[in-house]
Amino acid sequence: MREELHRFFRAARGAGVRVSPAESIDAMKAVADVGFSDRGILRDTLLLTLAKSEDEKQALGQCFDLFFSQPEVKEETAPEEGAESHRADSAASEPQQGDDAGAPSPELGDLAQMLMSRDRNAIAAAMANAANAASLADIRYFTQRGIFSTRILEALGIERLRDDLDALTATNPVEAERLAAALQALRENVREVVNQALLLYGREESENLRNEILRNAPLARLERRQVEEMKALIRAIARRLRERYSKPRKRQRRGHLDLRRTLRRNAGWGSVPFLISWKRRHRDRPKIVALCDVSGSVAQVSDFFLLLIHSLHEVVDDVRSFAFSGHLIEVSDILNTKSPEEAMSEITSKVGFGSSDYGGSLVDFEKDWMAAVTPKTTVIVLGDARTNNLDPRADILRTISERAKRLVWLNPEGRMAWGWGDSEMPRYAAFCSVVRQCATAKQLERAVSDIVAAHQ
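Residues numbered from 1 in each chain as written. Predicted model: local features only at pLDDT ≥ 70, side-chain atom pairs only at ≥ 80, totals over all residues. Heavy atoms only, no water.

(A) Examining the nonpolar core more closely. Ranked by size, the top nonpolar core spans 57 residues in total, and within it Phe8, Ile152, Leu156 and Leu186 carry the most contacts. The greatest single-element share of this core, amounting to 12 residues, is contributed by helix H10 (residues 173-201). Leucine 156 has contacts with Leu111, Ala126, Met127, Ala130, Leu186 and Val190, leaving out every residue within four places of it along the chain. Residues Leu241, Val301, Val319 and Ala441 belong to the second largest nonpolar core, which totals 44 residues. (Core = buried A, V, L, I, M, F, W, Y, C linked by side-chain atoms within 4.5 Å. Buried < 20%, exposed > 50% of the residue type's maximum accessible area, 1.4 Å probe, protein only. Helix = DSSP H or I, 4+ residues; strand = E, 2+ residues; numbered from the N terminus. Contact = heavy atoms within 4.5 Å.)

Right, dumping it as structure tokens:
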């Protein structure tokens, strides 16, 4: 059962329950105390030792029920009335051979005898052993169902069963018909076992594959059904970035002894170093000013960007966000006080989907908010730099670059389009510390991660 528990832990992780090695050890110790005889007690024990929230408790309970439930072994389909009469006629025409006439032939293989005797427990045990022999717990994708079904059938002895079926067809067509029906039922049982294993062990890989496809999908061309999935993915990215950059860095500070402070602190003990002082490097959390184009061409990308930036409140010290198309407004309070859906709706109703005027928006920023840019500030501009042939006012961007610590421009358009038509990207890029294409969630995560990491 130890291997069985290890497989259950893997299935639980696939269901979204975070199970650390220490937690799995605790769970195994608890299971060793309560045993496996009572299914209800076992379920409660695993839920108490592994689940850390109501959502995890519900997911773990569903995983337990699926993991420890065995698909019902199906019997062969009942023969039709014609087949029954044919069997009766055959039985009447053949001489009786005593009480053993209906028993399976002793020349048949183990699997054939098991199917003919309709021993459900034996069939279920044989399928479980065959599934273990076929390493069914390694299934990850739905395309592997046929491969593992074939492996299980081979482990059960399908080759010998085919030979037995050919032999019976020649000598006893009625029994051959029964065995063929039992084989068909066995195939269905194996398919159900494989499908159940795919639900248990393939969920995590399928989710990872789906997320990887979504991470590389262009944000500006998402289908409506994908928007909610992308919002959930952006929240997961924000959580991952928070965990990566908000952890205490005590180990980074260790190893650099501050000798002067150590001697001063231990002067009362004759400078015997009872109290150790370590050198500490002051780290500023980034202050971010984000200017986001919310015109029709890039509005959806800006939505996801603002959602990601404002989800990093534990890592980013201060965020001030501005949205613009024809003119520029501050949207920090809207994002901080309202849900993402309400905030984006209000922002787009005020300045969204208009014609881009980068020059006019930069003038608005210079007039009312230039004081927000300090030598500790990272300024991020998200936009396609298409000015509709209006004055780009690159001189204002140059002033921002001189006042800020860094100026980062994220452009959702491909690099081949920069500088073509009304794009002023080459002129703006001359004053930027970093210029990146940022059209997908993967590129967005990498850009924000690099911005936060630069302050660590």
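On we go.
(B) Structural detail: the environment of isoleucine 158. Along the chain, isoleucine 158 falls in helix H9 (residues 158-171). Of the residues examined, isoleucine 158 reaches a relative accessible area of 2% and is grouped as buried. Taking the C-alpha atoms as reference points, isoleucine 158 and glycine 109, 49 residues apart in sequence, are found 10.0 Å from one another. The contact partners of isoleucine 158, leaving out residues within four places of it in the chain, are Leu111, Leu153, Leu183 and Arg187.

(C) Summary view of the packing of aromatic side chains. This structure, assessed with the given rule, holds 9 aromatic pairs. Seen in terms of ring centroids, phenylalanine 322 and phenylalanine 365 are 5.4 Å apart; in terms of plane orientation they differ by 90 degrees. Their pairing is edge-to-face. Of this pair, phenylalanine 322 sits in strand S2 (residues 318-324) while phenylalanine 365 sits in helix H18 (residues 358-368), and the two are 43 residues apart along the sequence. A relative accessible area of 0% places phenylalanine 322 in the buried class. Members of the aromatic cluster, each reached through a chain of ring pairs, are Phe8, Phe9, Phe64 and Phe67. (Phe/Tyr/Trp six-rings, centres within 6.5 Å; stacked < 30°, edge-to-face > 60°.)

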